[in-house]
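# Structural characterization, general
Now for the letters of each chain:
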Amino acid sequence: MPFKTIVAILQSEQDAERVLDCAIPLASQFGAHLIGIHAEAMPVPYTSAAGFPDTEFLQVSSELNKERADRLQAVFLRRIEGAGLSFEWRSLETFSGDSALSGIASVRTADLVVAAQREAGGDHTADVDTLVYDAGRPVLVVPHSGPLITTFKHILLAWNGSREAARAAFDALPFMVAAEKTEVLITDPPDSLDESAEAAGADIAAALARHGVSVSVAVADTDGVAVEDVIQNRLVETGADLIVLGAYSHSWLRRLLFGGVTRSVLRTAPVAAFLSR
């Protein structure tokens, strides 16, 4: 099923252009309705030395917030003009002021959410982690640097047989069907007499192939190396331009996608990351 409603989370002027560089071409590719979302924090009242609310501070804060929201809206409208897309803009004001958190109600009715990767040492309110965890919809996280690709040719699917991994695999089908190839990466598969290491990903590979996906299976042993490092290395080795994985998975193969793997991908993946849970 193609993505017909796409939400672009615009946290700041710094990430807005990069998010739109990804979201607008995707909306054009799938003929989708594009929703831009930005949230500002409600001004917090302070009291003066006399014990009265500092109304001047509230007014100045409110004006600054409105100016920032207006600038983000102008960026969105400027970028989407002439694209021939169905679109809308949603400007929010909430206690957190976090566009990712404040837009949860909107993203839960979307087919795909596009957000920016958190930069190391960046704004702590840019809570992409919580967005991925709570959205209930797939999130495409755009890397904060490097080449930006929207037509994915080589996809790497991190597979551990969990509910979250299954959700991610089938949510990403529109990208996989269009890609030249998809590799299913199995890390430390169970060793048993009934099943070989390669067979651990055979069923998901066969299911994807029935949808027309060009798919192969690769097995990697960690040998004491962190799983997230194995995945990152595989991305480099294969030249994959999209990583697909189930987020915050606690499964029988928990070493593949447990805890730090999701957080590492959200912060340091050199390519776009497609996450579902």
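Residues numbered from 1 in each chain as written. Predicted model: local features only at pLDDT ≥ 70, side-chain atom pairs only at ≥ 80, totals over all residues. Heavy atoms only, no water.

## Let's talk about the overall build of the chain
Counting its secondary structure elements, the chain contains 11 helices and 10 strands. For the chain, with 277 residues in total, the buried portion stands at 50%. With the model as given, the accessible surface of the chain reaches about 12800 Å², and the carbon-plus-sulfur share is 53%. (Helix = DSSP H or I, 4+ residues; strand = E, 2+ residues; numbered from the N terminus. Buried < 20%, exposed > 50% of the residue type's maximum accessible area, 1.4 Å probe, protein only. Areas by Shrake-Rupley, 256 points an atom, 1.4 Å probe, with all protein chains shown as cover.)

## Side note on empty space enclosed by the protein
Applying the stated criterion across every chain, the model contains one cavity of 30 Å³ or more. Here the largest cavity is characterised by a volume of approximately 50 Å³. The wall of the largest cavity is formed by Gln29, Thr150, Thr151, Phe152, Phe175, Ala178 and Ala179. In terms of residue class, the lining of the largest cavity is made up of four nonpolar, three polar and no charged. (1 Å grid on protein atoms, 1.4 Å probe; cavity = no way out; pocket = protein on both sides within 12 Å on 5 of 7 lines; lining within 4 Å. Points joined across faces, edges and corners; volume = space filled by probe spheres on them. Nonpolar A, V, L, I, M, F, W, Y, C, P; charged D, E, K, R; others polar.)

## Structural notes on the pairing of strand 4 (residues 112-116)
Among the five residues of strand 4, five are classified as buried, and the element is accordingly described as predominantly covered. In strand 4, alternate side chains face the same way, and those of Leu112, Val114 and Ala116 on one face and Val113 and Ala115 on the other are all buried. In terms of strand pairing, strand 1 (residues 5-9) meets strand 4 through three bridges, oriented parallel. By the bridge assignment for strand 4, Val7 is matched with Val113. Sheet topology note: the strand 4/strand 5 (residues 139-142) ladder contains four bridges and is parallel. Counterpart to Ala116 in the pairing with strand 5 is Val142. (Pairing = 2+ DSSP bridges.)

## Things to note about the confidence of the model for the chain
Predicted confidence across the chain gives a mean pLDDT of 83, with 79% of residues reaching 70 or more. Looking across the chain, the model is least confident in helix 10 (residues 254-257), with a mean pLDDT of 41, and most confident in helix 7 (residues 173-178), with 97. Counted against residues more than four places away or in other chains, residues 251-258, with its pLDDT under 50, gives 31 contacts. (pLDDT = per-residue confidence, 0-100. Contact = heavy atoms within 4.5 Å.)

## Topic: the environment of Gly136
Inspection of the secondary structure assignment puts Gly136 in the loop between helix 5 (128-134) and strand 5. Look at Gly136 and you get partly exposed, because its relative accessible area is 36%. As a C-alpha pair, Gly136 and Ser276 span 140 residues in sequence and 7.4 Å in three-dimensional space.

## Details of the environment of Arg277
Inspection of the secondary structure assignment puts Arg277 in the segment after strand 10 (272-276). Relative accessible area serves as the criterion here: at 22%, Arg277 is assigned to the partly exposed category. Taking the C-alpha atoms as reference points, Arg277 and Ala247, separated by 30 residues in sequence, lie 5.2 Å from one another. Every residue in contact with Arg277, bar those within four places of it in the chain, is listed here: Val132, Tyr133, Arg163, Glu164, Arg167, Ala247 and Tyr248. Engagement of the side chain of Arg277 in a polar contact is seen with the backbone oxygen of Tyr133, the distance being 3.4 Å. (Polar contact = N/O pair within 3.5 Å; in protein donor to acceptor, adjacent residues only side chain to side chain.)

## Quick word on the packing of helix 9 (residues 227-238) against helix 11 (residues 260-268)
Interhelical geometry of helix 9 versus helix 11 gives an angle of 40 degrees and a closest axis separation of 9 Å. Considering their axes alone, helix 9 and helix 11 lie oblique with respect to each other. Seen along the crossing, helix 9 lies across helix 11 with a hand that is right-handed. Contact residues: Val227, Glu228, Ile231 and Gln232 in helix 9; Gly260, Val261, Ser264 and Thr268 in helix 11. Class assignment for the residues of the contact of helix 9 with helix 11 results in three nonpolar, four polar and one charged. (Axes fitted to C-alpha atoms, helices over the stretch in contact; angles between N-to-C directions. Parallel < 35°, antiparallel > 145°, perpendicular 65-115°, else oblique. Left-handed = near helix turned anticlockwise from the far one by under 90°.)

## Regarding the pattern of salt bridges
Taken as a whole and judged by the stated rule, the model has 12 salt bridges. A salt bridge links Glu13 to Arg71, with the nearest nitrogen and oxygen atoms 3.0 Å apart. Remark: Arg71 occurs in helix 2 (residues 55-80) and Glu13 occurs in helix 1 (residues 13-30); sequence separation between them is 58 residues. With a relative accessible area of 36%, Arg71 lands in the partly exposed category. Glu17 is the partner of Arg78 in a salt bridge, and the nearest nitrogen-oxygen pair spans 2.6 Å. Here the residue Arg78 occupies a position in helix 2, and Glu17 occupies one in helix 1, the gap between them amounting to 61 residues. Residue classification places Arg78 among the partly exposed residues on the basis of a relative accessible area of 48%. What makes Glu17 partly exposed here is its relative accessible area of 29%. Overlapping salt bridges bring together Glu17, Asp21, Arg78 and Arg79 as one network. (Salt bridge = Lys/Arg side-chain N within 4 Å of Asp/Glu carboxyl O.)

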